[in-house]
Each structure stands twice: as structure tokens, then as C-alpha cells.
Amino acid sequence: VSAVTQARRPPVGRVLADHPLIMLAVLLVALLAACEIAQPGYLSGDQLGTLLRLAAPLAILAAGQTLVMLTGGIDLSIGFSATAAAYIMTGQSSRGTVVAILIALGVGLLIGTVNGIGVGVFGVQPLIMTLGMGSVVIGVLTVRAQDFVTGAPAVPGFVNDLATGSLLGDVPKSILLWGGLSIVLILALRRSGYGRMLYAYGDNPIAVRLAGTRAWQLLILTYALCGVCAAIGGLLLVGLTNAADLGLATSYLLPSVAAVVIGGTSIFGGVGTYSGTIFGALILTVLDSFLTLLNVAQSVRQILYGAIILGLAALYARTAGRA
Amino acid sequence: MTAVAERPAAPRGRRIAVRHGWTIGICVLLAALLVVEANSAPRYSSFDFQSLVIAALPLAFAAMGQAAIVISGGIDLSIGAQMAFTNCVAAKLMQGHGMGDAILVCLLVLAIGVCIGALTGAVIVASGVPDIVVTLASSFIWAGAALVVLKTPGGGSPTDFQNLTTLANVWEWLPNGLIVLVLAYALVWAPLRRTPLGLALYAVGSDREAAYLSGVRVGATRVFAYVLGGLFAALGGLALTSTTGIGSPLSGDLYTLNSVAAIVLGGVALAGGKGGLLGPIVAAFVVSIVVAILVFWGVDSNYGQVIQGGLMVLVVMAGGLLLLRRRA
């Protein structure tokens, strides 16, 4: 038996390397099975709907992170932009739902654009630019928390319904937003000039610049899109929790990066897909749910979460032959 | 401030001149800010200076660790979590014990820091997963481990151990904390820098391939950088225990971000291979003094974070523009 598996291993390895999504899907199913074993009867339609509802904000945050990481950058301000958008939206909800949501998206767009200008025009390393920006955003938000609130802060009913409501049976409403965004993003990455240029820049920024393209425009657009994704993710998140505080989305930074890395996008840019990131976000959400089922202390959960992310990233680096 | 003058200026080409220029610049900035602080305080005394050193000490160690790693071409986003973990371990073990035991605990904690660094570096080198991803994930592990050791702020430390950083036994303007810092620099980094191992850090940081072709053991050097980082993070954790007297699982939260800010202000290039540890140390004082000045002015000290973030970006922007002009 061992001889047969030995002989068969190289092609299997190659298939996995060519189609990393297979491995991710297997992993996801394995995790769901583990949940079912830990608590028989866990896998109900209701529970799957809840998982999707929880995964949606993370997957949308990670969508922005995917775009930025395809350029070889990273956005460390994503949790803070999401928090800022959600916090300001609840503070401005007395102006009406539409205005409040637009303001929130505007906040994300503004933060993202500033990041993009710093990286694209002034050539600041993405890590420093976004770390500094995040620090500025959370600082301003902390000091002037009251100034962003007019009237009684509340999460608009529409946002709450979008994040927690169901369509038919157990299908969550947020899947409409997430699904629509995913289709647009996957098509844009595969078919549009923007997508091609994004991969080209991530692969070799110097060549792209020498080819006469305006790389700075690409970078500004990418970081701005990332800011908007962060804002949308923040809105869904505050819809789920129904109360905004200044720590709302800050803990989502690591998961957003982890979802992208587990999904097979190279942190050095140029390689990766959003479909991989979707799997990454789903895997992380199920993993979190599994650790909750195990009923271990928060501290141990945190350790396991970090260790498993590390293990998955290492496994991926090994299988796909790239990091 | 005076530390720069003590260092022999080695005229070894333009790059070193540029490096010294930066360190001198940040020292001038610190001096100017000290003058501002002295004029802002109602009655500036040695006590205010001692408070500054106490506030800056943990950050200075965090910045030293981050600098050693970044010089070798890596980055560690788990420095703050490592500090929280070592802070909690030290405070838990020292509680109710005397100074003799505290010294043993110190040695143990430093050993733990070295092991954490070695582990981080080994995982990065062996797995091929980028530094950012590994350390972002391991920051969860060490923050969780800190919570395992102490669920809430607690523990304790002997008064003598606290006095090691909080008093000024020699001279009122020369706080003990400053002496500890200078000793750490003089005993660890200053001798190391001139050794082949120290040079290897710079070589690996500036061009990994060239370093490999010149016979430098790249993997081992990268692991060593993380060992240094872990050692300084553990010193930072001990400094937290000593200055606050207790351990807190959330004490490290700000230090990751602040250590990156400090190395950037201190003239260490994120791309690796450039800068030293002196600049980041001085920058740690600059970052801390800004907060102190804001407090004296009666401004919300949370603006310190805004200024720090903005300053970090502006410095890199200015550096980039300077580089463009020099190339042109």
C-alpha cells in the first residue's frame, strides 16, 4: 500500500499546488466535521447561516486586504478604519440611514485615499504608512469621540437587518452584499484592466513603472477601495453587535491578514485570488466557532488560534511552494 | 544626548556620515523637546526628568529589539505581546520574594526571551512564511500566554527591584533607569556590533543573496536577530515589571506600534541593513517626551498617538524626498 501512495504522491502534490482551493475546501469540510464531532447536531441550516453571517464582515475586510496585498503591500489600519466608519455612522444615524451610511463609506474612502497617496505618491512603505495612519485615526477617534456624535447614537435598523436578518429560511441577508461584492471583485481581478495591472504591479513594480503606466493612480485606487471595503465590513460588524465602541474592529487586523494568507495570496504581491480569501475567511470563522465549542478559556483559545493560523500558513507555503 | 559624542566617529564613507547625521538630528530634536518641556512645566525638576526616563525605559528596550530585527531585514509585530508575557511571568514569580530571588527570576525571564526569539526566528526561517505573518500570528500566542499567567493585572515585585529603575541613587539627574539602559547597550550591542556576527546582521539585512554568496550563514543570522529581539523584549518586560511594580496581560498593547515608530524616527530603514540602536533609543525618549509635554500643556495625551503616527509617516516621507534629491 505504501508503495502505491508513494508513487502517487507527486501528481497529487502537483494537483494541489495547481488548485490550492481544493485543499482549502477539504480543510473547511474537515473543520466542519470536527465541529459536528465536538457537538453532535451542530451542523444545522440555522448554524450554517450564523457562520456565514459571522464570516461576512471578515471576508469583506479581507477583500480590501487582498487587493492591497496583491500589490505587495499590507494595510495595518484596516481595523481602525472599520471601527471609525462604524462608530461615526452610529453617531450620525439621526441624520437618516442613507446619509449615515454614506458618511461611513466616505470615512473609509478618505482614510484609504490618504494611505494610497502616502504609498503611491510619496513612496512611504505600506507598513509604515498604514501603521501611522491607524495610529492617527484611533487617536483622533479617542480624543474627539463626542464630536462625531450628533443626537442619540444608534445602529440604523437597515444595517442591523442587513447583518442579522435572513432571506429565505436560513440564508442570511448579508450574503447578498457579500456575494455581489465577491462577483464584482473576482470579475474585476480576472477581466478588467485594473485587475491585470494590479497583478503586474505586484509581480514587478519597476517593470510596470518603466512600461509607462501611472502606478501611483493604481495604488491610490487600491488603497481607497481597501478603505471602502473596511468601512463596509465595519458596518456589517456593528450591525451584528448592534453597538459601536472604539474597540469594535481592531481585533480583526490579524484575521484579515490571515484570511488572505491562508487563501493563498502572496504577501509579496502578484499572486493570489479573492476566491481563496473567501475560503480563508470561512475557515477562520469555523475555526473560531470550533474553539468556542471546545469551551476552553479565552487565553487558550487565543494561543490555539495563533498557532493554527501559523500552522496553516506554513502548510500552505510548503504545498503551494510559495509564501 | 551626550551618548553620541562619546561614540568615535568613523569616517567610513558617506553612508556612515548620513547615519550619524540622522542620530545627531534626533538628538537635537530631543534636546529641543527637553527645553520645551522644561519651559512648559511649572517648576521643572530632576523629578520630571526621572519620570521621563521611567516612561521611556520599556519603550527604549522594545525599540532596541525591533531595531536589531529590522536591521537584519525582518520585522517583529509580536514585540509588545512578548513584553506583556515576560512582564506577567516576572511579576507572578517575584511576588512575595526578596531581591535575591528577583535576580534569579530576571535571569530566567531573559532566558525565556531568548527562547521565544529563537523559536520565532526558527519558525520564520524553516517555514518560509514571511516575518509579518509569523509574528502577527505569534503575537496572538504570546498575548494568550500572558493571559494564562495572569488573568488580571496583578503579581508583584520586591521594592529593591523597583528601585533599580525608579530611583536615582548616583545623582538626581542620572536616574537608575538610564544607567540600566546604558549598561544594556554597552554590554550587548556595542561589543556585538563590531564582531562578525554583528556585521552579518547588517549584511543579511542589506542584501540577503550577496551575504549568502559571501559565506554568511543567512538562516542562522536571521534567527540570531530574533534572539536579540527576544532578549530586548524580555528586558522591556522586566522594565515594565520594575517601573509599574506589577504585571499586566495588556501592558504590551502599545509597544509593538510604538517600537516601529521609534525605529523609524531613529533612522533604521525598514528595508534593512541601515541604522543602529542608538537612534531608536533616543527616539523612544522623543516619543515619551511628546506625551509629557502634552500633559503639561493640559492637552489630551491621546493626541500623543496622533502626533506619533503623523511624525512616523512624515519622517519617512521626508527621507524618501531627500533620497530622490540625492539621486537626481
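Residues numbered from 1 in each chain as written. Chains lettered and ligands numbered in written order. Predicted model: local features only at pLDDT ≥ 70, side-chain atom pairs only at ≥ 80, totals over all residues. Heavy atoms only, no water.

Enquirer: Any chance you could explain the overall build of chain A here in plain terms?
Expert: Each helix and strand counted, chain A has 14 helices and zero strands in total. The C-alpha radius of gyration computed for chain A amounts to 20 Å, which stays within 12% of the reference 20 Å derived for 323 residues, consistent with globular compactness. A principal-axis box enclosing the C-alpha atoms of chain A has dimensions of 70 × 55 × 35 Å. The buried share among the 323 residues of chain A stands at 50%. Here the contacts in chain A between residues at least 6 apart in sequence split such that 76% fall between residues at least 24 apart. Counting 15 positive and 10 negative side-chain charges, chain A places the centres of these two groups 13 Å from one another. (Helix = DSSP H or I, 4+ residues; strand = E, 2+ residues; numbered from the N terminus. Rg over C-alpha atoms; globule rule 2.2 N^0.38 Å. Buried < 20%, exposed > 50% of the residue type's maximum accessible area, 1.4 Å probe, protein only. Contact = heavy atoms within 4.5 Å. Lys, Arg positive; Asp, Glu negative; His and termini not counted. Charge placed at Lys NZ, Arg CZ, Asp CG, Glu CD.)

Enquirer: What's the story with the overall build of chain B in this structure? I'm lost.
Expert: Check the secondary structure of chain B and you find 14 helices and zero strands. Beginning at the N terminus, the succession of helices and strands in chain B can be written as α-α-α-α-α-α-α-α-α-α-α-α-α-α. The C-alpha atoms of chain B give a radius of gyration of 19 Å, which matches the 20 Å a tight globule of 328 residues would have. Viewed in the frame of its principal axes, chain B has a C-alpha envelope of about 55 × 45 × 35 Å. Long-range contacts, defined as pairs at least 24 residues apart, comprise 78% of the intrachain contacts of chain B with a sequence gap of at least 6. Surface summary for chain B: the accessible area is close to 13700 Å², and the carbon and sulfur share equals 68%. In chain B, which carries 17 positive and 12 negative side-chain charges, the distance between the mean positions of the two groups comes to 14 Å. (Areas by Shrake-Rupley, 256 points an atom, 1.4 Å probe, with all protein chains shown as cover.)

Enquirer: Would you mind going over the packing of aromatic side chains with me for this structure?
Expert: Here a ring pair, both rings aromatic, is described through the centre-centre distance and the interplanar angle of the planes. Scanning the model with the defined rule gives five aromatic pairs over all chains in all. A ring pair is formed by A:Y305 and B:F140, whose centres lie 5.7 Å apart and whose planes are at 35 degrees; its orientation type is tilted. Of this pair, A:Y305 sits in helix α14 (residues 298–320) while B:F140 sits in helix α6 (residues 131–149), on two different chains. With a relative accessible area of 8%, A:Y305 lands in the buried category. Aromatic rings pair up to connect B:Y44, B:F49 and B:W173 into one cluster. (Phe/Tyr/Trp six-rings, centres within 6.5 Å; stacked < 30°, edge-to-face > 60°.)

Enquirer: When you look at the nonpolar core in this model, what are you seeing that I'm missing?
Expert: A general trend in soluble globular proteins is that nonpolar side chains are found buried together. Of all hydrophobic cores here, the largest spans 188 residues; its most connected members are A:W178, A:L284, B:F61, B:W189 and B:F285. Element by element, the count of residues in this core is highest for helix α3 (residues 46–71) of chain B, at 16 residues. With residues near it in sequence (within four places) discarded, B:W189 still touches B:I71, B:A184, B:L201, B:Y202, B:L228 and B:L277. (Core = buried A, V, L, I, M, F, W, Y, C linked by side-chain atoms within 4.5 Å.)

Enquirer: Even after reading the chapter, I still don't get helix α8 (residues 176–194) of chain B, so can you show me in this structure?
Expert: Each full turn of the α-helix corresponds to 3.6 residues, which orients residues three or four apart in the same direction. Residues and elements named next belong to chain B. For α8, with 19 residues, the first-to-last C-alpha span of 27 Å sits near the 27 Å given by 1.5 Å per residue. A bend of about 35 degrees at A186 is the largest found in α8. Looking at α8, one finds that the buried residues are N176, G177, L178, L181, A184, Y185, W189, L192 and R193. (Expected span 1.5 Å × (residues − 1). Bend = angle between axes of the 7 residues up to and from the residue.)

Enquirer: I keep staring at the pattern of salt bridges and nothing clicks. Help me out?
Expert: Any two side chains of opposite charge can pair, so long as their charged atoms come close to each other. According to the stated counting rule, one finds four salt bridges over all chains in the structure shown. Of the charged contacts in the structure, one is a salt bridge between A:D147 and A:R144, with a shortest N-O distance of 2.6 Å. Residue classification places A:R144 among the partly exposed residues on the basis of a relative accessible area of 39%. Notably, a salt bridge pairs B:D131 with B:R222, separated by 3.6 Å at the nearest N-O pair. Residue B:D131 is located in helix α6, and its partner B:R222 is located in helix α11 (residues 218–244); the two are separated by 91 residues in the primary sequence. Overall, B:R222 belongs to the buried group, its relative accessible area being 14%. (Salt bridge = Lys/Arg side-chain N within 4 Å of Asp/Glu carboxyl O.)

Enquirer: Before we go on, may I ask you to explain the interface of chain A and chain B in this structure?
Expert: Accessible area lost upon the coming together of the parts serves often as the stated size of an interface. The interface is formed by 36 residues belonging to chain A together with 35 residues belonging to chain B. Overall, the association of chain A and chain B removes approximately 3200 Å² of surface from exposure, summing both partners, and the carbon and sulfur fraction of that is 83%. At the surface where chain A touches chain B, the tally comes to two residue pairs in polar contact (both at pLDDT 80 or more). At the level of elements, α6 (126–143), α12 (253–262) and α14 of chain A are the ones that each hand at least two residues to the side of chain A that touches chain B. (Buried area = accessible area lost by both parts, 1.4 Å probe. Polar contact = N/O pair within 3.5 Å; in protein donor to acceptor, adjacent residues only side chain to side chain.)

Enquirer: Help me understand the side chain of A:T83 in this model?
Expert: Residue and element names in this part refer to chain A. Mapped onto the secondary structure, T83 falls in helix α4 (residues 78–91). Residue classification places T83 among the buried residues on the basis of a relative accessible area of 0%. When sequence neighbours within four positions are dropped, the list of residues in contact with T83 reads L141, D245, L246, G247, L248, A249 and T250.

Enquirer: What's the story with the environment of A:W178 in this structure? I'm lost.
Expert: All names here are of chain A. With respect to the helices, strands and loops of the structure, W178 is situated in helix α8 (residues 174–191). The buried category is assigned to W178, whose relative accessible area is 4%. A C-alpha to C-alpha distance of 8.4 Å links W178 and P57, two positions 121 residues apart in sequence. Ignoring any residue separated from it by four or fewer positions in sequence, one finds W178 in contact with L52, A55, A56, A59, I60, Y274, I278 and L282. Here Y274 takes part through its side chain, which lies 3.4 Å from a polar atom of the side chain of W178.

Enquirer: How do you make sense of unusual backbone geometry when you look at a structure like this?
Expert: Residues and elements named next belong to chain A. Of note, the phi angle at N242 is positive, near 65 degrees, even though the residue is not glycine. Looking at where N242 falls in the secondary structure, it is placed in the loop between α11 (215–241) and α12. With phi around 60 degrees, N295 is a residue other than glycine that occupies positive phi space. Structurally, N295 is set in the loop between α13 (274–293) and α14.

Enquirer: What's the story with the packing of helix α7 (residues 159–166) of chain B against α11(B) in this structure? I'm lost.
Expert: Describing two packed helices takes the angle between their axes plus the distance from one axis to the other. Residue and element names in this part refer to chain B. Contact pair α7 / α11: the axes reach a minimum separation of 7 Å and the direction vectors enclose 105 degrees. In terms of their interaxial angle, α7 and α11 are classed as roughly perpendicular. The segment α7 lies against α11, with F161, Q162, T165 and T166 engaging L238, T241, S242 and T243. Residues of the contact of α7 with α11, tallied by class, amount to two nonpolar, six polar and no charged. (Axes fitted to C-alpha atoms, helices over the stretch in contact; angles between N-to-C directions. Parallel < 35°, antiparallel > 145°, perpendicular 65-115°, else oblique. Nonpolar A, V, L, I, M, F, W, Y, C, P; charged D, E, K, R; others polar.)

Enquirer: Is there a simple way to think about α11(A) in this case?
Expert: All names here are of chain A. Helix length check: α11, at 27 residues, gives a terminal C-alpha distance of 39 Å against a target of 39 Å (1.5 Å per residue), a fit within 8%. Where burial is concerned, most of α11 is hidden: 20 out of the 27 residues are buried. Positive backbone phi, at 65 degrees, marks N242, one or two positions downstream of α11.

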